[in-house]
Structures are given as structure tokens and as C-alpha cells.
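# Tertiary structure, described
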Amino acid sequence: MSLLVVGSVAFDTVKTPYGQAEEVLGGSATYFSVAASYLTKVRMVAVVGKDFGDAPMKLLKLRGIDVSGIEVAAGKTFRWSGEYSDDLNDRTTHATHLNVFETFSPNLEEKDIGSRFLFLGNIDPDLQRQVLTKVKPAFSACDTMNFWIEGKGDGVKRLLGSVDGLIINDSEARLLAGEINTVAAARRLLDLGLKFLVVKRGEYGAALFHGGHYFAVPAYPVARPVDPTGAGDSFAGGFMGYLAREGRTTDTHLRQAMVYGSVLASFCVEDFSLKRLAALTARDIEGRVRELRDFVSIRGPRQRE
Ligand code: AMP
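In short, a report on the structure. Just so it is clear, the structure is predicted and the values come from calculations on it, not from any experiment. (Residues numbered from 1 in each chain as written. Predicted model: local features only at pLDDT ≥ 70, side-chain atom pairs only at ≥ 80, totals over all residues. Heavy atoms only, no water.)

## Things to note about the sheet that holds strand 3 (residues 19–26)
Taking strand neighbours across the sheet as the criterion, the four strands line up as 3-2-6-7 in an open arrangement whose pairing is mixed. Two strands close off the open sheet at either side, each with one partner strand: strand 3 and strand 7 (91–97). Strand after strand, the sheet turns through a mean of 15° between neighbouring axes, direction not considered. Two strands pair when backbone bridges link them, and strand 2 (residues 10–16) and strand 3 are joined in this way by six bridges, in the antiparallel orientation. Directly across from Phe11, in strand 3, lies its bridge partner Leu25. (Pairing = 2+ DSSP bridges. Helix = DSSP H or I, 4+ residues; strand = E, 2+ residues; numbered from the N terminus. Axes fitted to C-alpha atoms, helices over the stretch in contact; angles between N-to-C directions.)

## Details of the packing of helix 4 (residues 146–160) against helix 5 (residues 170–177)
Look at helix 4 against helix 5: their axes get within 10 Å of each other, and the N-to-C directions meet at 70°. Between helix 4 and helix 5, the crossing angle belongs to the class labelled roughly perpendicular. As for the relative orientation of helix 4 and helix 5, their crossing is right-handed in sense. Of the residues in helix 5, those in contact with Asn146, Ile149, Glu150, Val156, Lys157 and Leu160 of helix 4 are Glu172, Leu175 and Leu176. Of the residues assigned to the contact of helix 4 with helix 5, the class counts are five nonpolar, one polar and three charged. (Parallel < 35°, antiparallel > 145°, perpendicular 65-115°, else oblique. Left-handed = near helix turned anticlockwise from the far one by under 90°. Contact = heavy atoms within 4.5 Å. Nonpolar A, V, L, I, M, F, W, Y, C, P; charged D, E, K, R; others polar.)

## Description of the packing of helix 8 (residues 251–268) against helix 9 (residues 282–296)
Between helix 8 and helix 9, the least distance of the axes is 9 Å, while the angle of their chain directions is 120°. As summarised for this structure, helix 8 and helix 9 are arranged oblique, according to the angle between their axes. Handedness of the helix 8/helix 9 crossing: right-handed. Contacts between helix 8 and helix 9 involve Gln256, Val259, Tyr260, Ser262, Val263, Leu264, Ser266 and Phe267 from the former and Asp284, Ile285, Glu286, Arg288, Val289, Leu292 and Arg293 from the latter. The class makeup of the residues in the contact of helix 8 with helix 9 is eight nonpolar, three polar and four charged.

## Concerning a negative patch on the surface
Together, Asp86, Asp87, Asp90 and Glu203 make up a region of like negative charge exposed at the surface. Counting through the fold element by element, Asp90 comes out in the loop between strand 6 (78–84) and strand 7. (Patch = residues over 30% accessible without salt bridge, like charges linked within 9 Å, V, L, I, M, F, W, Y side chains within 5 Å. Areas by Shrake-Rupley, 256 points an atom, 1.4 Å probe, with all protein chains shown as cover. Salt bridge = Lys/Arg side-chain N within 4 Å of Asp/Glu carboxyl O. Lys, Arg positive; Asp, Glu negative; His and termini not counted. Charge placed at Lys NZ, Arg CZ, Asp CG, Glu CD.)

## Regarding the side chain of Thr182
For Thr182, the position within the fold is in helix 6 (residues 182–190). Residue classification places Thr182 among the buried positions, given a relative accessible area of 12%. A polar contact is formed between the side chain of Thr182 and the side chain of Asp170, at a distance of 2.7 Å. Ignoring anything within four residues of it in the chain, the contact list for Thr182 reads Asp170, Arg174, Val199 and Arg201. (Buried < 20%, exposed > 50% of the residue type's maximum accessible area, 1.4 Å probe, protein only. Polar contact = N/O pair within 3.5 Å; in protein donor to acceptor, adjacent residues only side chain to side chain.)

Next up, the structure:
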């Protein structure tokens, strides 16, 4: 089942305790699509500038991603730069240059209308809502971040009334809900009309709130997390990619999707940009999925033999 994503494509400049990377490929739609491409067919709708070049486009095409919805506009590609604390849990944004994003109007084609699965990556919430209204998918989810919550909080809240699910960072969920506790924030956000909510908690894993139930997965333990940029989008890509592959969205499917999200995010953090994420095999992914299932089982591997 195909999956449509609208989001940012960027050049990121990132500093972490493990090193730094300048003007490397990033963006919410990019991480999302590459992660999901291991599980289903993905189509990207985004905008880049004339400076984007062939190499990043080639990387996306090599992953089998449909890039015909990426508009190449006059101007510069979106740029973001940020820095992480020693434990990688805190991120400071140094600069956000929207560039061609400022006038972005998603280029939706006839075939996009009615797409069964839609992910609204982190972009202007008014654009997210515009796309959702046009596409009318069977199942949709979105993400957002502090930049939009602080700048267009009402727009974000309006979006939550029409989208099925929100996949968001812990601190951003609390900021959006105006609560200091995650569970209280989750209740408040669900009250805005969401069917499900995924709260991502970095190295502590992620929690799913759905139909009055709570479910949590740990993060896959990574010994050398080099750069967490894109981990949230990779989580969303694994999550939505799994659901689109299965074509079903029951509570059990959502729980399984959490495992795929966690696994894809774990590969993302192992190197800067998409270096690790774009070079995986199905075997790498299924191996970690099996391991992660073992980690959460209360019966040790020996007892199951
Ligand atoms: P994540 O680490 O999963 O939250 O996503 C990081 C990605 O989001 C980076 O590759 C950035 O290029 C992109 N990004 C950062 N700020 C924004 C923004 N205001 N709007 C859209 N994308 C952004």
C-alpha cells in the first residue's frame, strides 16, 4: 500500500559531542521517506532550491522513493542548524532559514488524492491542514516541533482536530499542551480529537496512547549514538511504513508499528545525516525487530526454547 509524505527537505548543519556535519542532507520528509522505503512504496511532496544538486536526489531514487512530487524552485533549499548537549537529550536550534519553504505550496497530483496513508511531516501547520483536506486519506498522522508550536500554535491545534494521529517529541507534546507532565499533556492532546498519540522520548523509547490503552517500547540500545537528528522522523517512517505495508491499523498493528519505529530510529542515530539509515538491508531491520521484541518480553530467550 503506498504512502504519501509532505514535509521538509533540508541541508542541516549539526554539532554533537561526537563531531559535526555541515550542510548535509536532512529534513523531515527525507528521514521519514528513507526509513519507510524499507517497508513500502513512498511518494514525497516537498520543495528544494536550485542548489539542491543531483547527489541527494539520487540517494532518494536509489531507495525507490517517488521524487516526482519534489518541486525544484528558484531560490535556496531550506536550512537548519542545531547543537546537542553531551547526553544528546537537549537540542538547541541555532538557525532556521525557510528559504524556498516560505512560499511552498504542495504540488499535489490527481493520484495523490485519496492516498490511503498520509504523513504530514514537520512543516507549517496551515500547509499540513491544506494537504490533509485535499488528500482525504483513510489514515493520517502528523508531526510538529517547537518552531511551529511557538509561532503557529493555534494552527497546530486546529490540525489535531482533523488528523488521526500525532507523533511528537515528549518536550514538544508538553509545550503544545501547556502541561509539565507527559500523561496530562497526552490527555489534553487526545481531547483535541486525535485517535492516537505517539510520544517519542529519545533514548527512553516511545509511548502510544490509543483507545484508552497505553503501550510503550524502549529505544533499541545503541552504544555510539553519533547524531540524533532525524530520529523522530525515522521513527515516524518506520511506524507509518509498517502500517502501510500491512494495510491495517488495529491496536495490534499500531503496537507492532511502534517496534519498527524504534528500530528505524536506532539506525538513524548511528551516523550523521542519512549515512547509516540509507544503507540498511531488510535483514538488518528484521534482526533488530526480533531483538527488540526479546527485550520487552518478560520470558527470557532461554524459557522460550
Ligand atoms: P527530528 O530530529 O526528527 O526532529 O528532525 C530533524 C529534521 O527536521 C532536520 O533534518 C531539519 O532539517 C528538520 N527541521 C528542523 N526545523 C524545522 C522546521 N521548522 N520545519 C521543518 N523542518 C525542520
